[in-house]
Amino acid sequence: MTLLGTFKGNPRNDLGYLNSSGRPDPDVTFHRANLPRVGLDDVAAAASGVMCSVALYLQDGDTVTNLTFISAGTAAGTPTNYFFALYSGAGALLAQSADQLTAAWAADTAKTLALSAPVKISKSGIYYAAISVTASTVPTLVGTVGAKPHLTGEGNLSQTSGSSLTGTAPATIATPAFKRQVPLVIAT
């Protein structure tokens, strides 16, 4: 969707935090999400120690301080490390959360993690929000199923990369592989 030829995305995400006077509404939190809150189901995140990154449109001027992923029907079983991270559209690490080590993550639970520093977006476009969980059982996530890109210039809605990851996000998203399952992510 475009509005006046410049806006791409869900108007609710961009304008919903403004009140009728056009000023920020203190009762509404600014956020961006990669999927609507309807038609979602349990999807596999990735194998233990593998990073899953999902495309997320961010607007020039946004400041991202937190990322939220929501576990679905399966909780994390004996986690040893997990983190969330934000990457540029080119796949360069912008910031990551602290390693959550052995912190529990129950089923059907939103997990919001603060990034190491706020990320001020200076160019509108696609960024990647990533999650990596190292555990005996990786939690399923709330999400949907996406199609493989087929047009020139289209990117993956979801992709996996890395192996044997623990508590530190890689500096780049190296050799991403298409992933059909697309987890919901919310940036605030």
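What counts, and where the lines are drawn
- Residues numbered from 1 in each chain as written.
- Predicted model: local features only at pLDDT ≥ 70, side-chain atom pairs only at ≥ 80, totals over all residues.
- Heavy atoms only, no water.
- Helix = DSSP H or I, 4+ residues; strand = E, 2+ residues; numbered from the N terminus.
- Buried < 20%, exposed > 50% of the residue type's maximum accessible area, 1.4 Å probe, protein only.
- Contact = heavy atoms within 4.5 Å.
- Areas by Shrake-Rupley, 256 points an atom, 1.4 Å probe, with all protein chains shown as cover.
- Pairing = 2+ DSSP bridges.
- pLDDT = per-residue confidence, 0-100.
- Core = buried A, V, L, I, M, F, W, Y, C linked by side-chain atoms within 4.5 Å.
- Phe/Tyr/Trp six-rings, centres within 6.5 Å; stacked < 30°, edge-to-face > 60°.

Take the overall build of the protein chain next. Scanning the protein chain from N- to C-terminus turns up one helix and 13 strands. When the helices and strands of the protein chain are read in sequence order from the N terminus, they spell out α-β-β-β-β-β-β-β-β-β-β-β-β-β. In the protein chain, buried positions account for 44% of the 188 residues. Considering only contacts within the protein chain whose residues lie at least 6 apart along the sequence, 76% involve residues at least 24 apart. As displayed, the protein chain offers around 9300 Å² of accessible surface, 56% of which is attributable to carbon and sulfur atoms.

We now examine the sheet that holds strand β7 (residues 110–120). In spatial order, the strands read β1-β13-β4-β7; together these four strands make up an open sheet with antiparallel pairing. On the outer flanks of this sheet lie β1 (32–33) and β7, each paired with one strand and no other. When strand β4 (residues 63–70) meets strand β13 (residues 185–187), the two strands line up antiparallel, connected through three bridges. In the strand pairing of β13, Phe69 is matched with Val185.

A few words now on the confidence of the model for the protein chain. With 85% of its residues at a pLDDT of 70 or more, the protein chain has an overall mean of 89. Low confidence marks residues 1–17, where pLDDT is under 50. Its contacts with residues over four positions away, or in another chain, come to 25 contacts.

Judged by nonpolar contacts, the single largest core of 36 residues is most densely connected at Leu67, Phe69, Leu86, Trp105 and Ile131. Elements with a contribution of two residues or more to this core: β3 (51–58), β4, β5 (77–87), β7, β8 (125–137), β9 (140–145) and β13. In terms of residue count, β8 provides more of this core than any other element does, five residues in total. Once you skip the residues sitting within four places of it in the chain, Ile131 turns out to touch Val50, Met51, Cys52, Phe69, Phe83, Phe84, Trp105 and Leu141.

Here the focus is the packing of aromatic side chains. Think of a pair of aromatic rings as described by two things: how far the centres are apart, and how the planes are tilted against each other in angle. Counted by the stated rule, this structure contains three aromatic pairs. Summarising the aromatic geometry, the rings of Phe69 and Phe84 are spaced 4.8 Å apart at their centres and angled 65 degrees between planes, so their arrangement reads as edge-to-face. Taken together, the positions of Phe69 in strand β4 and Phe84 in strand β5 put the pair 15 residues apart, joining distant regions of the chain. Across the pair, Phe84 and Phe69 agree in class, each one buried.

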